[in-house]
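Structural overview for review
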Amino acid sequence: MTIHPEIAKILSTPPAPDGSPLNPEAMRAGEAAQVPPLEERLALYSVEDATAVTPSGEVPVRIYTPAEADAYGLLVYLHGGAFFLGNLDTHDHVARALATETGHKVISVGYRLAPEAAFPAGLDDCYGVVRWAAEQGTTLGWDGKNLAIAGDSSGGNFAAAVAAKAHDDGFDRITHQVLFYPSLDLDFDVDRYASLRENAEGYGLETAGLRPFNSFYLENGADPADPLVSPIKRDDLAGLPAALIITAEHDPLRDEGERYGQRLAEAGVAASVRRYAGANHGFVQHFSWIPEFYRAFEETGDFLNARAGQ
């Protein structure tokens, strides 16, 4: 189907590019200006900032408790932003929706960003927080069942890489991975996936922009050939956590996410792939106010709760 009409309205008046290099500080300030005031955000039982002490250092986290209960499943959320954008505030609404629809206590991770922090700093922060969450299970009210990870776009990249690192380290507590339109192959060969050509222009994220947007990560130690940078390049996917992969019809990254889900299933992993018609890259962050796209959070809840403790 065609792009959703509400998304089309916004895409019809994109800012005119001026040809200047990307400026991380200016772009972060622009994102910060779009964060809604607290009173306009989804209310939860509690939201508190904390610090996770990990082998990579102290990592800021925000903990979302959906309702009063004796115990909860845990969901560690890794925000997107091409490895150089995003923070606890810009994706606060995503974490709140995840907590509401899954019933899990959500731990959002304020990992270090490129270009200030070279690879693998951000990835190490994310992995460290997952292990911290398991270690702090009693304090966090963990029920000992689900310990899920989720991420959107580059956060989906980190979630997939964290699942692989955990498997290789023998850390078997992660039960689920949820990847929203993940960026899984950072070599950007346009002949590798049809969606890189089909959705190259006009849908917000454009194929020509992938390399410059990810350059802050790739020019600071991240090698696209490394499976921890491009998780789809991992040879053996057996033994990884059950996966829900949500893709967008009009997204250059659509096919790599769907191919990853196929490869997981071929390796014996319980993997479900859901393509959202009419959606573009970033729809969970930017367009979840549209009811049919908010469904992605509800579907995440269905996935985690149907497979609780498995």
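Structure: see above.
Described in the following lines is the structure provided in the data block. (Residues numbered from 1 in each chain as written. Predicted model: local features only at pLDDT ≥ 70, side-chain atom pairs only at ≥ 80, totals over all residues. Heavy atoms only, no water.)

1. Let's talk about the environment of Glu25
Formally: Each helix corresponds to a stretch of at least 4 residues labelled H or I by DSSP, and each strand to a stretch of at least 2 residues labelled E; elements are numbered beginning at the N terminus.
Of note, Glu25 is situated in helix α2 (residues 24-33). Spatially, the C-alpha atom of Glu25 lies 35 Å from that of Gly261, the residues being 236 residues apart in sequence.

2. Some remarks on the pattern of salt bridges
What counts here: Salt bridge, as used here, is a side-chain nitrogen of Lys or Arg placed within 4 Å of a carboxyl oxygen of Asp or Glu. Think of it in three bands: residues with accessible area under 20% of the maximum for their type are buried, residues over 50% are exposed, and the middle band is partly exposed, with areas taken using a 1.4 Å probe on protein chains only.
In the structure shown here, the tally under the stated rule is 21 salt bridges. Glu6 is the salt-bridge partner of Lys9, the closest N and O atoms lying 3.4 Å from each other. Of this pair, Lys9 and Glu6 both sit in helix α1 (residues 5-11), 3 residues apart, roughly one helical turn. For Lys9, a relative accessible area of 53% puts it in the exposed group. With a shortest N-O distance of 2.9 Å, Asp89 and Arg62 are connected by a salt bridge. Of this pair, Asp89 sits in the loop between β3 (72-78) and α3 (92-102) while Arg62 is found in strand β2 (residues 57-65), placing the two residues 27 residues apart along the sequence. The partly exposed category is assigned to Asp89, whose relative accessible area is 37%. Given a relative accessible area of 10%, Arg62 falls into the buried group. Because the salt bridges share partners, they merge into one network encompassing Arg41, Asp49, Arg62, Asp89, Asp92 and Arg96.

3. Examining the side chain of Lys105
Threshold: In what follows, residue pairs with any heavy atoms lying within 4.5 Å of each other are defined as contacts.
Of note, Lys105 is situated in strand β4 (residues 105-109). Contact partners of Lys105, with chain neighbours within four places excluded, come to Ile63, Tyr64, Thr65, Pro66, Tyr72, Gly73, Leu74, Leu75 and Leu140.

4. Focus on the nonpolar core
In plain terms, the rule: Residues enter a nonpolar core if they are buried and are Ala, Val, Leu, Ile, Met, Phe, Trp, Tyr or Cys, with the set joined through side-chain atoms within 4.5 Å.
Among the nonpolar cores identified, the biggest contains 60 residues, and Val76, Ile107, Val129, Trp132, Leu147, Tyr217 and Tyr260 are the most heavily contacted of them. Element by element, the count of residues in this core is highest for helix α4 (residues 121-135), at 8 residues. Not counting the four nearest positions on each side in its chain, Ile107 is found in contact with Val61, Arg62, Ile63, Leu75, Val76, Tyr77, Val129, Trp132, Ala133 and Leu140. Core analysis: the second largest hydrophobic core is formed by 32 residues, Leu44, Tyr64, Ala97 and Phe303 among them.

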